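# Coordinates in review
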Amino acid sequence: MATAIVSGEALRASEAIGEADIVVGIPSFNNARTIAHVTAAACAGLAKYFPHLRSVIINSDGGSTDGTPEAVLSARLEDARLLLLATPLSGVHRLSFPYHGIPGKGSAFRLIFQMAARLNAKACAVVDSDLRSITPEWFDLLLRPILGAGFDFVAPYYHRHKYDGTITNSIVYPLTRALYGLRVRQPIGGEFGVSQRLIARYLERDDWDTDVARYGIDIWMTTIAIAEGYRVCQSFLGAKLHDAKDPGSDLSAMLHQVVGSVFLLMEEYQDVWMGRAESRPADLFGFRFDVGLDPVEVNLERMLTAFRHGCEDLAEVWSLALAPPTHEAIRELARGAGAFHMDDALWARVVMDFACAHRQRRIGRGHLLRSLTPLYLARVASFVIETRSMVSAEVEDRIEQLCQCFENDKPYLESRWARRSKS
Amino acid sequence: MIETMRQVLQDVLGQLKHQITTYLPPLLAALIILSGAYLAAVVARWALQRIFKGVAFDRFLRRSGLAFMIDGTGRLRATRLVAQTAYWLILLAGFLTGLSVFNTDITTQMIQSFVLVLPKLAVAGLILLAGFWLSQYLGRSALVWSVNEDIPHPRRVAGAARLLIMFVAVVAAADHLNFARSVFLAAFIILIGGLAVTVSLALGLGGRDAVRRYFQEKAQRDEDSAPRSLWNHL
């Protein structure tokens, strides 16, 4: 069971409320600019779609210094009332208090889930606080499948720019889908709906204080839901537009945390994914429509230079991480003249080799995961070159091809993984 | 003349006989002890390989990276390590016992010195091993970081980090063994002092503009492209 991190302030608040049917959690950190909009959307969504249910909105703030909690509390209810004149807002409470424990999204989620469990909530939705495209409908789409159709986990499904979310598109989605056999398009989307019984399962676990409590929380939740056989679906939420943020975060740290979490979960659930072949689509709720998206700038030359430098300098690390044929193919790619192209099969092998090396601890895991950066940039550059003139639907087909490649090559992963078990 | 030669030969044979009767039995005894020790070592190694599991130790070796550092294939196992250690320790004990049979001043002195120095040698060995492990680990950290941060000459940066840490480990080991202490210490101080002066001069004089330009360009690069492209990966 996870250690309770509910503070006295939160306890008093939950006791005052008593019980609730729905909890909406909004983790935040320095999101004063957008959080009022997100909170207002939540208020409106709950009032419009679940007026008969008791709802609580919880903002779990990670110690913002830009007045985020004040922005939540000052989110003007009048505006919400103006938006929903016919629907009373009674029953919608808003709480705002900093969460404790290690600073990260995972700690915020833990607090939200513990509060949801205390309030005996039947469903909980969590949304990022930097969203610009969130609407009241999102809460209906995230909560209705749980309350009305008996699902346990609702993952988001967005329209995104073809170059947006490349870690998702090139690593997390293809690998998760190939491993666990369910096509959840945005496994690290950031917005989720969770049932009461799945919340109880999350809270039972004792790995809240690990790396999973940082960037890994999204894939952690999704993987547990899929691997442990909970009912999982997706809801189409439209476009995901969020505040440009985290300029200080670096890509290698991001890869370390996200991909490291996927690899750690692979070890935990190896009995589930070993031998599981092919994949099936997850149920999709919501009405799909096309939306305009923010353009994404890509610096191709910088990516390719990073890859070539990496190939020259990281040979000692890659020789431990990659199987010899894969390493040779990468060297060949770096040497090659003409149009740059990293094919799907090679990329799938790279990811699978890294997963096996991670498990075997051939080198420090931090070194291993961070050394993936130049290879990942090469893959992104290749993808950008290849899809430059493609429209969204064509790009989606390309991603589907990549996923098929991961699925077809899964026996390679299984054989290497099993070999490691024996040695 | 013949009598003298006969006398000399008798003396030589007598000395030879004396030496044979003095040293051959201990030599044979030493050989028997060494053979026994060898047999005991082989048996101990065989038995340990079958009895000792050392799962937790295996995990430590794997997780610390020592398994790959000592054996490039990463197949080093606690069982093998413990069995080999026991094998060599028994052989060493056999050798020392064999030497003690001679009971001469030199052998006694050798054994005493060895027994006294052995713990120190073991500690010095551990210091070197730890230094080697740390140098590999931090060297690799420096390498990966330099590549990802686009620092010029990452391999040289990593090599310098490794060399420095290994040098510190050698100084510490030599200090522990009381071996050429002042030489190593002086070399260490000269190296660190030299490094500090070199870096200060390079930054303060020759490389001032270059460093400023590098950081300006880096800041500009980060400003231009990093925030957008980095955040959008997720």
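What counts as what
Residues numbered from 1 in each chain as written. Chains lettered and ligands numbered in written order. Predicted model: local features only at pLDDT ≥ 70, side-chain atom pairs only at ≥ 80, totals over all residues. Helix = DSSP H or I, 4+ residues; strand = E, 2+ residues; numbered from the N terminus. Buried ≥ 20, exposed ≤ 12 C-beta atoms within 10 Å, placed from the backbone. Contact = placed C-beta atoms within 7 Å. pLDDT = per-residue confidence, 0-100. Expected span 1.5 Å × (residues − 1). Domains from an automatic or database assignment. Nonpolar A, V, L, I, M, F, W, Y, C, P; charged D, E, K, R; others polar. Pairing = 2+ DSSP bridges.

Below, the discussion takes up the overall build of chain B. Each helix and strand in chain B was counted, giving nine helices and zero strands. Its helices and strands taken in sequence order, chain B reads α-α-α-α-α-α-α-α-α from the N to the C terminus. Here chain B holds 234 residues, and 19% of them are scored as buried. For chain B, long-range pairs separated by at least 24 residues make up 64% of all intrachain contacts whose partners lie at least 6 apart in sequence.

With that settled, consider the confidence of the model for chain A. Residues and elements named next belong to chain A. Per-residue confidence for chain A averages 83 on the pLDDT scale, and 85% of its residues sit at or above 70. Averaged pLDDT values for the elements of chain A fall to 37 in helix 4 (residues 77-83) and rise to 96 in strand 7 (residues 192-195). Predicted confidence is poor over residues 78-102, with pLDDT under 50, and the contacts of this stretch with residues over four places away or in other chains come to 59 contacts.

Further remarks concern helix 5 (residues 105-118) of chain A. Residues and elements named next belong to chain A. For helix 5, built from 14 residues, the straight-helix expectation of 20 Å at 1.5 Å per residue is met to within 8% by its first-to-last C-alpha distance of 20 Å. Across the 14 residues that make up helix 5, a large majority, 13, are buried. With its phi angle positive at about 60 degrees, asparagine 120 sits one or two positions after the end of helix 5.

The next point concerns the domain arrangement of chain A. One frequent convention defines the size of an interface as the accessible area lost when the parts assemble. Residues and elements named next belong to chain A. We note that the domain assignment places domain 1 (8-285) and domain 2 (300-422) within chain A. In this assembly, 24 residues from domain 1 lie in contact with 27 residues from domain 2. Of all the elements in the fold, those that place two or more residues in the side of domain 1 that touches domain 2 are helix 7 (166-180) and helix 10 (251-268). In the side of domain 1 that touches domain 2, the residues fall into 12 nonpolar, eight polar and four charged.

Residue and element names in this part refer to chain A. On the secondary structure map, arginine 331 appears in helix 14 (residues 324-335). For arginine 331, a count of 15 C-beta atoms within 10 Å corresponds to the partly exposed category. Considering only alpha carbons, one finds arginine 331 and isoleucine 17, 314 residues apart in sequence, at a separation of 62 Å.

Next up on the list: the pairing of strand 4 (residues 123-126) of chain A. Residues and elements named next belong to chain A. Residues Ala123 and Ala125 of strand 4 are buried on one face, and the alternating residues Cys124 and Val126, pointing to the opposite face, are buried as well. Looking at chain direction, strand 1 (residues 22-28) and strand 4 are connected through four bridges and run parallel. Residue pairing in the sheet places isoleucine 22 in a bridge with alanine 123 of strand 4. The pairing of strand 4 with strand 7 spans four bridges and is classified as antiparallel. Bridging from a neighbouring strand, alanine 125 pairs with glycine 193 of strand 7.

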